[in-house]
Amino acid sequence: MNKLLGSIEEAVRACGLRDGMTISFHHHLRGGDYVLNLVMEAIAAQGIHDLTINASAIQDGHGPLGAHIRNKVVTGIEANFIGPVIGRVISEGHLERPVIFRTHGGRASDIDDGTSHIDVAFIAAPSADERGNCNGILGPSACGSLGYAMPDARHADKVVVITDNLMPYPLSPISISEADVDYVVRVDKIGDPAGIATGSTKLTRDPVALRIASQASRVIEASGLLRDGFSFQTGAGGASLAVAGMLTETMVAGKIHGSYALGGTTGYLVDMLEAGCFEKLLDVQCFDLKAIASLRENPRHVEISASQYAGPKSKSCAADGLDVVLLGATQIDTDFNVNVHTDSNGRIIGGSGGHSDVAACAKLTIIVAPLSRARLPIVVDHVLTTSTPGDTVDVLVTQAGVAVNPKRGDLIERLRAAKLPLVSIESLRELAERQCGVPRPAALSDRVVGRVLYRDGKVIDTIYGVQ
Amino acid sequence: MRRTMLFLPGNNPAMMLGGPYLGADSIIFDLEDAVSPAEKDAARILVRNALGALEFGPVEVVVRINALDTPLWERDLEAIVPMGPDLIMPPKSSDAGMIRRLDEKLGELEAACSLDHPIGILPLIETALGLENSFAIATASSRVRALFLGAEDLTADLGAIRSTEGEEILYARCRLVAAARAAGVEAIDTPFPGVDEMDALRRDAARARSLGFSGKAVINPRHIDIVNAAFSPSEAEIRYAEEVMEAIEEAKRQGKGAISLRGKMIDAPIVERARRVLAMARQIEGGDLA
């Protein structure tokens, strides 16, 4: 048994990859990933066409993918997030079939139960042995958790591990096991460490973001959910991270011992873990070096798969037990629907990731967003794309006040009692429009370039191309 | 209520847009020190347009104009007054004559644009001469709402060394409070210079309040919450004020003249203070905005 092959080309041939198949990638190397580009170059060189890429995310380092889309090497993409670089290529109509957007949990569940079939999974591994055991916490390209690659490794017909840090067998700890791996390829570099993890995620100094953060942390305190056993997830945006810092002070001062924090981890969540705010961190993805080091060294910091993170068809998932989640928004409308897929011109610039998963699961979903960005109102009449439905969103916190979803009468009472500055979401929309004006509607074509699948697999919205 | 007065540079649109939402009771758009000579015109136009375009809600709007010994102050006023700010802050206010000149000019401009309520004046006391003339300054015009201490320029003028503890400005603080209160107006304390020294800021603000200041300027938005807290009535103060008002009501019902609470006679100043505390507490509570 020799799984170790000399090159990616060899692995592509060994897997029997041919026209029309589906290949998969994970995005743990984030903006620093080289592997998708290396694999696609090898595939294109072999004259293979009409592939579907099923990736947890397409990042802006994947620019060369644009040429493969134009040359029909890739004719379909399924992803949970697509950055602006490839998003633009798709929005301009170059991809043959519409993109299928899923959520992090939805993708994992669809792979787990065979709804999404993957012919070959290419898994970038910061460390691996020659039989394919691998992890993300060791090696020069360490990225931390490999949670998003786990469903792919379990269920793809063929699994190729690509590493730049080949270690003696048996490697441990084991995130992805040799039992699932067909081939291993060693390359010079799987990614650029500077793009994989930031040195340290810095706290914002933007006074408006800090104001939003302090109001959001007051909302959490007033919600009645901040007590022993508290569970929490926060995004990695400026205001969301600042809330983590403020909650740490509150929890330490109040001797509140939470249960777990979930999701993508940063040094701020690590600080909370070490300060005793939580018993455990359940980590599906690391954002900075401090999080990676903590996952490596602290047994209370636990790597989990995307299925365990938020899989709607998993027998249970960690998101189900969330008390509070803080999320951002590109747009939010007066029905509390949130768009994180398209920008004001209608171009694809992102995707749900875990946004709609955790919004659906958490007892309290808080959106933190400024009224406007770059002279564009963020609170609008109708979002251009519905990523997360408004009935799963409880509160919007802006610098100009806190709007509570009217269906949460209980929460309105609690926040009113805590003297939070409550406003109607309509009045925030009006204020945003008075400040910025009402933008002309985006000029869209008739061509469908994407479908947004909610976590239950139903199409929640359709994305049209730009003119 | 002027617990916090936040300075915002008059040439920074992003900060001006965010300014009304940062929790300060007042914001001061600065046309003076924060703006370089080459940008004076641009800042004047920007601040004028911001006053017309932004919504300030309950936040008081102040504009610091250029000093009256420069050729700029009248042009500042001609641009700003039609937009109806709440207060004009003249820097380096050193004598009553300056305030009277400003009062006169404000009156002319207000009449020309039919403003329906007079713009107030917030003299910035930041020279030794201004400090010694502070009562005369406070009483030079009925527009004066408060005296404002500027310790950076003042300590330079005094030849004193500025410190975190502020020992060097103790006399100035006490003098300014006495002059302001004697004139029946408020006293606003100088900003605390240490951007990241939050504990020292807390002590400095508490000290200012104990000396009689009603509020304090801030130059960094991160200072706002701490300064607001320092100048807000404490829960104990609110409770006591409520008890005072209840005792008054009770005495009225019983037709009593003299009232005592916790073994102390309640006289008019105590009642007045209790009223102020409760009014302020209600204002701070805020609640629903729309």
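As the structure is a computational prediction, the values presented were derived from the model and not from experiment.

> Where do I start with the overall build of chain A in this structure?
In terms of helices and strands, chain A carries 15 helices and 26 strands. Computed over the C-alpha atoms, the radius of gyration of chain A is 22 Å, within 12% of the 23 Å expected from 2.2 N^0.38 for a compact globule of 467 residues. Judged by the C-alpha coordinates and their principal axes, chain A covers about 70 × 55 × 40 Å. Taken across its 467 residues, chain A has 61% of its residues classed as buried.

> What should I look at first to understand the overall build of chain B in this one?
A tally of regular secondary structure across chain B gives 12 helices and 11 strands. A compact globule built from 290 residues would reach a C-alpha radius of gyration of about 19 Å, and chain B, at 20 Å, matches this within 12%. Taken along the three principal axes of its C-alpha coordinates, chain B extends 65 × 45 × 35 Å. Out of the 290 residues belonging to chain B, those deemed buried represent 42%. Across chain B, contacts joining residues at least 24 apart in sequence account for 69% of those joining residues at least 6 apart.

> Whenever I open this one, the sheet that holds strand β22 (residues 379–380) of chain A confuses me. Can you help?
Paired through backbone hydrogen bonds, the strands of a sheet run either parallel or antiparallel to each other. Residue and element names in this part refer to chain A. Across the sheet, 3 strands lie side by side as β18-β17-β22; this open sheet has mixed pairing. At either margin of the open sheet sits one strand with a lone partner, and together these are β18 (338–339) and β22. Strand direction decides the pairing type here: strand β17 (residues 331–333) and β18, joined by 2 bridges, are antiparallel. The residue of β18 that forms the bridge with Gln331 is Asn339.

> Explanation requested: the nonpolar core in the structure shown.
One recurring pattern in soluble globular proteins: nonpolar side chains tend to sit buried together. Judged by nonpolar contacts, the single largest core of 232 residues is most densely connected at Val35(A), Ile123(A), Val160(A), Ile162(A), Ala216(A), Ile367(A) and Leu147(B). A per-element tally of this core places helix α8 (residues 207–222) of chain A first, with 8 residues. In contact with Ala216(A), other than residues within four places in its own chain, are Ala239(A), Val243(A), Leu326(A), Ile366(A), Val368(A) and Val397(A).

> Quick question: what am I supposed to make of the domain arrangement of chain B here?
Note: interface size is frequently given as the accessible area lost on complex formation between the parts. Taken domain by domain, chain B comprises domain 1 (4–231) and domain 2 (235–285). On a C-alpha basis, the centroid separation for the pair domain 1 of chain B and domain 2 of chain B is 33 Å.

Rules and cut-offs
- Residues numbered from 1 in each chain as written.
- Chains lettered and ligands numbered in written order.
- Predicted model: local features only at pLDDT ≥ 70, side-chain atom pairs only at ≥ 80, totals over all residues.
- Helix = DSSP H or I, 4+ residues; strand = E, 2+ residues; numbered from the N terminus.
- Rg over C-alpha atoms; globule rule 2.2 N^0.38 Å.
- Buried ≥ 20, exposed ≤ 12 C-beta atoms within 10 Å, placed from the backbone.
- Contact = placed C-beta atoms within 7 Å.
- Pairing = 2+ DSSP bridges.
- Core = buried A, V, L, I, M, F, W, Y, C linked by C-beta atoms within 7 Å.
- Domains from an automatic or database assignment.

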